[in-house]
Amino acid sequence: MAIRAARTAFDESEWVALRPSQRSELLHKIVSALEARQQELADAEMYNGGCTWRKANLMDIPVGLINFRHFAELADSEPIESVPQITFPAMSYNHVRREPIGVCGQIIPWNFPFLMAIWKIAPALAAGCTVVLKPASNTPLSALKMVEIIHETGLLPPGVLNLVTGPGEVVGPELCTSPLVDKIAFTGSTEVGRGIMQQAASTIKKVTLELGGKSPSILLDDADLDLAIDGSLWATFMHNGQACESGTRLLVPSSIYDEVVERLVARASRLKVGIASSGETDIGPLISASQLRSVEEYIQIGLAEGAKPALLGSRPTDPELQNGFFITPTIFTDVDNSMRIAQEEVFGPVLVVIKYDGIDEAVRIANDTIYGLAAGVWGRDIERCMSVAQQIRAGTIWINDWHVLNAEAPFGGYKQSGIGRELGEWGFKEYQEIKHIHVPLNNNRQTKFWFDIVVPQE
Ligand code: NAP
Ligand code: MG
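Presented here is an overview of the structure given in this document. (Residues numbered from 1 in each chain as written. Chains lettered and ligands numbered in written order. Predicted model: local features only at pLDDT ≥ 70, side-chain atom pairs only at ≥ 80, totals over all residues. Heavy atoms only, no water.)

1. Quick word on the site of ligand 1
Working step 1: As a matter of local geometry, ligand 1 sits amid 25 residues, with Ile108, Trp110, Ser137, Gly168 and Ser189 nearest to it.
Working step 2: Within the side chain of tryptophan 110, an N or O atom sits 2.5 Å from an oxygen atom of ligand 1.
Working step 3: In this structure, a nitrogen atom belonging to ligand 1 sits 3.0 Å away from a main-chain N or O atom of leucine 211.
Working step 4: Protein chains bury 82% of the 860 Å² of accessible surface belonging to ligand 1 in isolation.
Working step 5: Among the secondary structure elements, those contributing two or more residues to the shell around ligand 1 are helix H7 (168-177), strand S6 (183-187) and helix H8 (190-201).
Working step 6: Residue contributions to the shell around ligand 1 peak at three residues, all from H7.
Working step 7: Here the shell around ligand 1 is built from residues that sort into 13 nonpolar, nine polar and three charged.
Working step 8: Counting contributing residues per domain, the shell around ligand 1 is built from domain 1 (2-211 + 417-437) and domain 2 (216-399), each supplying no fewer than three. (Near = heavy atom within 4 Å. Polar contact = N/O pair within 3.5 Å; in protein donor to acceptor, adjacent residues only side chain to side chain. Areas by Shrake-Rupley, 256 points an atom, 1.4 Å probe, with all protein chains shown as cover. Helix = DSSP H or I, 4+ residues; strand = E, 2+ residues; numbered from the N terminus. Nonpolar A, V, L, I, M, F, W, Y, C, P; charged D, E, K, R; others polar. Domains from an automatic or database assignment.)

2. A short note on the nonpolar core
Working step 1: With 89 residues, the main nonpolar core has Phe68 and Met146 as its most contacted residues.
Working step 2: Looking at this core, the element that brings in the most residues is helix H5 (residues 113-127), giving 12 residues.
Working step 3: Residues from two domains meet in this core; each of domain 1 (2-211 + 417-437) and domain 2 (216-399) gives at least three.
Working step 4: Filtering out sequence-adjacent residues up to four positions away, methionine 146 remains in contact with Leu34, Leu41, Phe68, Phe114, Ala117, Ile118 and Ile121. (Core = buried A, V, L, I, M, F, W, Y, C linked by side-chain atoms within 4.5 Å. Buried < 20%, exposed > 50% of the residue type's maximum accessible area, 1.4 Å probe, protein only. Contact = heavy atoms within 4.5 Å.)

3. Let's talk about the pairing of strand S11 (residues 330-333)
Working step 1: The side-chain alternation of S11 yields two buried faces, one formed by Thr330 and Phe332 and the other by Ile331 and Thr333.
Working step 2: Across three bridges, the pairing between S11 and strand S12 (residues 350-356) is parallel. By the bridge assignment, threonine 330 is partnered in S12 with valine 350. (Pairing = 2+ DSSP bridges.)

As structure tokens, then:
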């Protein structure tokens, strides 16, 4: 029903025909309606996904709304692009029109439920598409609340924005194989992403995928350690490591390895694990019991592979935390990049620290992964950082920073981290088809070379 509603809205409503400025104005009003109810959205995010009060209120909701606002601005762009002057076979006027791709099926994960909903809905609506969004079964609440607020504004024609909850195994194949859907956008595990691409192949749907990562964080020997140590903790432990672009492999020169590990452990052991709603909490619960089991399994795998636990995570003893999915941070040293804990996405508070000698070796280790979502470089010599950044095969590189994803800049993966880009003009254009229109300036018989190729017999 949702797919049919989205199809009808795309084919028959006034939505697609709106001028860019009208669509932009309408989206700005929608963002204002969401801004007015930020607190409800932040509460839904915190109680449903277990993200901390600070993360929901200082990051997810405000940043999400800034991103939505940016797409409202992008919506107001002329969908016409020029083509270089064409003179063969005769002078013609040519231009490209960017048009909405159509009905978009969008599937999002549980780690950033609100932000991911916005990264999907906002560019699609800005481009004039219609949407069927499927949030993760663990975290439907902030997306439901957002769609409810948008519907209450009455600004969108019926059928333009739809949301369907339910298991990915059921809703996913419906969206991916329906001939009424033009595009699938997915964020989640690389494994499910592979299946989505295969299913979408049956109708040659456009596909954008934002998948896993095992992002290298390269600490150079001239790094400001006060910044790089806390930066490495932020890169890894933000939202408990449940972020696709977390800096989960820290590469450290052997000359300062012991000092860095000692300082990392000292700082990481001071991170406060606690209930999400407390303003004191640095690290809240993991998303689910099964994610907690999976993280514990990875810790056992790391120990069995011979990595040394400089800090060994465990379930906290605080009675208040007994019934939640809590675990304290783990830092593994003596890690070889071929180990499973260095190659596979743990999606939990587990950092591996790998030793290197010389920048060439650091770059080789950094690129030795199936993933290529993000990477980071910590150093004082920006020229040297830039040179390393250019050698890393990943879609986002931070220099002396992490987790900064701006509405204006593209985000997405090299290699098995995905296809396509989100955010900015790049993300916007993923929701547009490209149409070339050719208009000859002359219509004399002499200017039409085809008259001589297929010639009806007299
Ligand atoms: P997942 O299975 O990839 O789930 C992501 C989304 O895809 C959810 O909405 C899910 O719905 C849906 N889905 C599941 N099976 C599907 C299918 N066969 N067809 C279409 N959609 C489907 O991720 P997960 O199982 O929650 O987490 C497993 C691991 O994936 C994590 O440990 C982590 O390594 C990785 N992960 C990565 C990201 C990322 O941002 N790159 C995000 C989340 C997880 P349901 O919720 O109904 O299953
Ligand atoms: Mg799954």
